[in-house]
Amino acid sequence: MQDNPADVFFAPSADEIIKSRAAFGCTHYARAFMAVVKALGLISQPDDLRYVISAKADDYNRAQTDQNFRATINGHQFVIVRIDSQWIAINTSKGESTALPAGFEPDSCAPPQNIPIRFQSYPGMVFLLRRIGTDWNDGCGDNSLSALMNISRSGMPDNSAFLWEQFVSPDQGSPDQD
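What you see is a predicted model, and the numbers here were worked out from it, not measured in a lab.

Participant: Let's hear about the sheet that holds strand β6 (residues 127-132): which residues, and what values?
Facilitator: Reading across the sheet, the six strands line up as β4-β3-β2-β1-β6-β5 and stay open at both edges, with antiparallel pairing between neighbours. Here the strands that pair on one side only, and so sit at the sheet edges, are β4 (96-99) and β5 (116-117). As paired elements, strand β2 (residues 75-83) and strand β3 (residues 86-91) share five bridges and run antiparallel to each other. Directly across from valine 79, in β3, lies its bridge partner isoleucine 90.

Structure follows, in structure tokens:
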């Protein structure tokens, strides 16, 4: 039994999702996608396929400004894959991809500098990278709503501090309020 009913969205493993044939959102789609890619042998190096947790920029900015540790910070989970030397973000919920900037490395996802990403199917939304798995077995510890909110604030499932800067969109020159 989970402490919070919302944890049903975060607790299941890829194996449980595939066996139950029930996926309820981006977390489930990303985990199942990774399991299928591994099972089919499409990626040979474990560190070339990684699970990603992001936070919605405007939600993060509002919660950080108010120092509201109870605020829900929406976000999106997806995967990144290295093809040749380029990292590609795959939105497993919508079947789309986008290249990450040249020179991007997963280890660069650390406070205080925000790394934004946009997906075409979510117009006007900016997602900020918060935690990237070290390889295809690293689920980032987002197995509860509480852990996910901590990751959205600090990048770590057990730290609730706001460690990232406010996100300022280069297009707007002010905090992002998409």
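Participant: Give me the environment of serine 169: which residues, what numbers.
Facilitator: Mapping serine 169 onto the fold places it in the segment after α4 (145-154). It is 9.3 Å that separates the C-alpha atoms of serine 169 and alanine 57, two residues lying 112 residues apart in sequence.

Participant: Residue-level account of the side chain of asparagine 61, with values.
Facilitator: You can see asparagine 61 is positioned in helix α3 (residues 57-66). Among the polar contacts made by the side chain of asparagine 61, one reaches the main-chain amide nitrogen of phenylalanine 167 at a distance of 2.8 Å.

Participant: An account of a nonpolar patch on the surface is requested, with residue identities and associated values reported.
Facilitator: Side chains of Val36, Leu40 and Leu42 sit close together on the surface and give an oily, nonpolar patch of about 310 Å² of accessible area. One can find valine 36 in helix α2 (residues 26-40). The class of valine 36 is partly exposed, set by a relative accessible area of 40%.

Participant: An account of the environment of alanine 55 is needed here, citing residue identities and associated values.
Facilitator: Mapped onto the elements of the fold, alanine 55 is located in strand β1 (residues 49-56). Alanine 55 sits in the buried class, given a relative accessible area of 0%. Setting aside anything within four residues of it in sequence, one finds alanine 55 in contact with Ile73, Asn74, Gly75, Val126, Phe127, Leu128, Arg130 and Ser152.

Participant: Quick rundown of the pattern of salt bridges? Include the residues and the values.
Facilitator: Under the criterion given, the structure shown has seven salt bridges. Where lysine 56 meets aspartate 59, a salt bridge forms, and the shortest distance between an N and an O atom there is 3.9 Å. For the residue pair lysine 56 and aspartate 59, the accessibility class agrees, reading buried in each case. Each member of the salt-bridge network shares a partner with another, and the members are Lys56, Asp58, Asp59 and Arg62.

Participant: Now, about the nonpolar core: what can you tell me, with residues and values included?
Facilitator: Formed by 23 residues in total, the largest nonpolar core has its most connected members in Leu49 and Ile73. Put simply, the parts of the chain that give this core at least two residues each are α2, β1, α3, β2, β3 and α4. Considering every element that reaches this core, the biggest residue donor is β1, with four residues. Once residues lying within four places of it in the same chain are set aside, the contact partners of isoleucine 73 are Ala55, Lys56, Asp59, Tyr60, Ala63, Met149, Ser152, Arg153 and Phe162. Counting residues in each nonpolar core, the second largest holds 15 residues, with Val52, Ile117, Leu129 and Ile132 among its members.

Reading the values: rules and limits
- Residues numbered from 1 in each chain as written.
- Predicted model: local features only at pLDDT ≥ 70, side-chain atom pairs only at ≥ 80, totals over all residues.
- Heavy atoms only, no water.
- Pairing = 2+ DSSP bridges.
- Helix = DSSP H or I, 4+ residues; strand = E, 2+ residues; numbered from the N terminus.
- Polar contact = N/O pair within 3.5 Å; in protein donor to acceptor, adjacent residues only side chain to side chain.
- Patch = residues over 30% accessible without salt bridge, like charges linked within 9 Å, V, L, I, M, F, W, Y side chains within 5 Å.
- Areas by Shrake-Rupley, 256 points an atom, 1.4 Å probe, with all protein chains shown as cover.
- Salt bridge = Lys/Arg side-chain N within 4 Å of Asp/Glu carboxyl O.
- Buried < 20%, exposed > 50% of the residue type's maximum accessible area, 1.4 Å probe, protein only.
- Contact = heavy atoms within 4.5 Å.
- Core = buried A, V, L, I, M, F, W, Y, C linked by side-chain atoms within 4.5 Å.

Note that every value here comes from positions in space, so none of it alone points to a role or purpose.
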